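Working through the structure, step by step
Okay, here's what each chain looks like letter by letter:
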Amino acid sequence: MTVDKSTQPIDTEAAILAAAEAEFIDKGFAGARTTAIAERAGVTHAMLHYYFRTKDKLFETILASKMKQMQRMIFGFIIDGDMPFMERISQGVKAHFDLVRRNASLPNFIINELRRDPERIGNMIRKNLGIFGDAESVMNEVSAAMQRELDLQAEAGVCRKMDAIMLLLDIVSLNVFVFVGMPMMDILFPAISKDIDAFLDRRCEENVEVILNRLKP
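Bear in mind that the values here come from a model prediction, so they are computed numbers and not experimental data. (Residues numbered from 1 in each chain as written. Predicted model: local features only at pLDDT ≥ 70, side-chain atom pairs only at ≥ 80, totals over all residues. Heavy atoms only, no water.)

Describing the overall build of the protein
Within the protein one finds 11 helices and 0 strands. Overall, the protein shows an N-to-C arrangement of helices and strands of α-α-α-α-α-α-α-α-α-α-α. For the protein, the residues scored as buried account for 41% of the 217 residues in total. Surface accessibility of the protein: about 12300 Å² in total, with carbon and sulfur atoms responsible for 57%. (Helix = DSSP H or I, 4+ residues; strand = E, 2+ residues; numbered from the N terminus. Buried < 20%, exposed > 50% of the residue type's maximum accessible area, 1.4 Å probe, protein only. Areas by Shrake-Rupley, 256 points an atom, 1.4 Å probe, with all protein chains shown as cover.)

Written out as structure tokens, the structure is:
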């Protein structure tokens, strides 16, 4: 069957990707079926195949999108931003928290998939980083750029001297744990669920404060 892509609504690809993400999170990569994804998206299986060919391609596209958003945050706020440094850090932590908040089920999904098939997921991550060159070299370049900025700010007395990788790990672990640990928090602190948005707003501000205090000279 031939599908004329030009006649399809412009949001067809977005609908398929949203359906695929939901199917992956519900069933896991192994349990997800492209027929079920097509049904969720309201398209034919032939149309899904035309846009993305395989389940692996769908997953890679979703993963690449999330990684690009993360990269934009790192460069846009921490390295290349025009705002004062500590404000850049504050905005970067908030932006990362909001990204995870919009994809709250994704951290547990990625963790589970890494445990189930670390080689496949690892290869996908390296492949997407490799768009910009060797994956290891790309990460080394990013961390080196962050380290130079941190060193400059430390010399100017704006922040304390700190390892860039440790700062990244601090930000990611603080923000991601909120969502990875949510099932346990619902058991231990059920009142949180009564106004989850207010709790997450407060948690975001707390995480920003922790990071800024960590950087104070």
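Comments concerning a nonpolar patch on the surface
A cluster of nonpolar residues, Met184, Ile187, Leu188 and Phe189, forms a patch on the protein surface that exposes about 460 Å² of accessible area. Its place among the elements puts Phe189 in the loop between α10 (182-188) and α11 (196-215). (Patch = residues over 30% accessible without salt bridge, like charges linked within 9 Å, V, L, I, M, F, W, Y side chains within 5 Å. Salt bridge = Lys/Arg side-chain N within 4 Å of Asp/Glu carboxyl O.)

What to know about the nonpolar core
Formed by 24 residues in total, the largest nonpolar core has its most connected members in Ile16, Phe24, Ile37, Val43, Leu48, Leu58 and Phe59. Elements represented by at least two residues in this core include exactly α1 (12-31), α2 (34-41), α3 (45-52), α4 (55-79), α6 (106-116) and α7 (118-129). Look past the residues within four positions of Leu48 in its chain and what remains in contact with it is Ile16, Thr34, Ile37, Ala38, Val43, Arg53 and Leu58. Ranked by size, the runner-up nonpolar core spans 17 residues in total, among them Ala145, Cys159, Leu167 and Val208. (Core = buried A, V, L, I, M, F, W, Y, C linked by side-chain atoms within 4.5 Å. Contact = heavy atoms within 4.5 Å.)

Things to note about α3
When we look at burial in α3, the residues that qualify are Met47, Leu48, Tyr51 and Phe52. In a view along the axis of α3, the buried residues occupy a sector of 105 degrees, so they form one face of it. Once α3 finishes, Arg53 follows within two positions and takes phi at roughly 70 degrees, a positive value. (Arc of directions from axis to C-beta.)

Some points on the packing of aromatic side chains
Tallied over the full model, the rule gives 8 aromatic pairs. Relative to Phe109, the ring of Phe24 lies with its centre 6.4 Å away and its plane at 25 degrees, an arrangement referred to as stacked. With Phe24 in helix α1 and Phe109 in helix α6, this residue pair connects regions lying 85 residues apart in the sequence. Every member of this aromatic cluster is reached through a ring pair, and the members are Phe24, Phe29, Phe59 and Phe109. (Phe/Tyr/Trp six-rings, centres within 6.5 Å; stacked < 30°, edge-to-face > 60°.)

Examining the environment of Val100
Within the fold, Val100 resides in helix α5 (residues 85-102). Given the relative accessible area of 8%, Val100 is considered buried. For the pair Val100 and Phe179, spaced 79 residues apart in sequence, the C-alpha separation works out to 7.9 Å.

A few points about the pattern of salt bridges
All chains considered together, the criterion is met by 11 salt bridges. Its salt-bridge partner being Glu23, residue Arg40 comes within 2.8 Å of it at the nearest N-O pair. With Arg40 in helix α2 and Glu23 in helix α1, this pair connects stretches of sequence that are 17 residues apart. By relative accessible area, Glu23 is classed as buried at 2%. Asp26 is the salt-bridge partner of Arg40, the closest N and O atoms lying 2.5 Å from each other.

As for the packing of α5 against helix α9 (residues 164-180)
At a minimum axis separation of 10 Å, α5 and α9 run at an interaxial angle of 35 degrees. The element α5 and its partner α9 pack so that their crossing is right-handed. Of α9, the residues touching α5 (which contributes Ile89, Val93, His96, Phe97, Val100 and Arg101) are Leu167, Ile171, Val172, Asn175, Val176, Val178 and Phe179. Within the contact of α5 with α9, the residues separate by chemical class into 10 nonpolar, 2 polar and 1 charged. (Axes fitted to C-alpha atoms, helices over the stretch in contact; angles between N-to-C directions. Left-handed = near helix turned anticlockwise from the far one by under 90°. Nonpolar A, V, L, I, M, F, W, Y, C, P; charged D, E, K, R; others polar.)

Examining the packing of α9 against α11
Remark: α9 packs on α11, axes separated minimally by 11 Å, with the N-to-C direction vectors making an angle of 160 degrees. Classified by the angle between their axes, α9 and α11 sit roughly antiparallel to one another. Taken as a pair, α9 and α11 cross one another with a handedness that is right-handed. The residues of α11 that touch α9, namely those facing Leu167, Asp170, Ile171, Leu174, Asn175, Val178 and Phe179, are Phe199, Leu200, Arg203, Asn207, Val210, Ile211, Arg214 and Leu215. (Parallel < 35°, antiparallel > 145°, perpendicular 65-115°, else oblique.)

Note that every value here comes from positions in space, so none of it alone points to a role or purpose.
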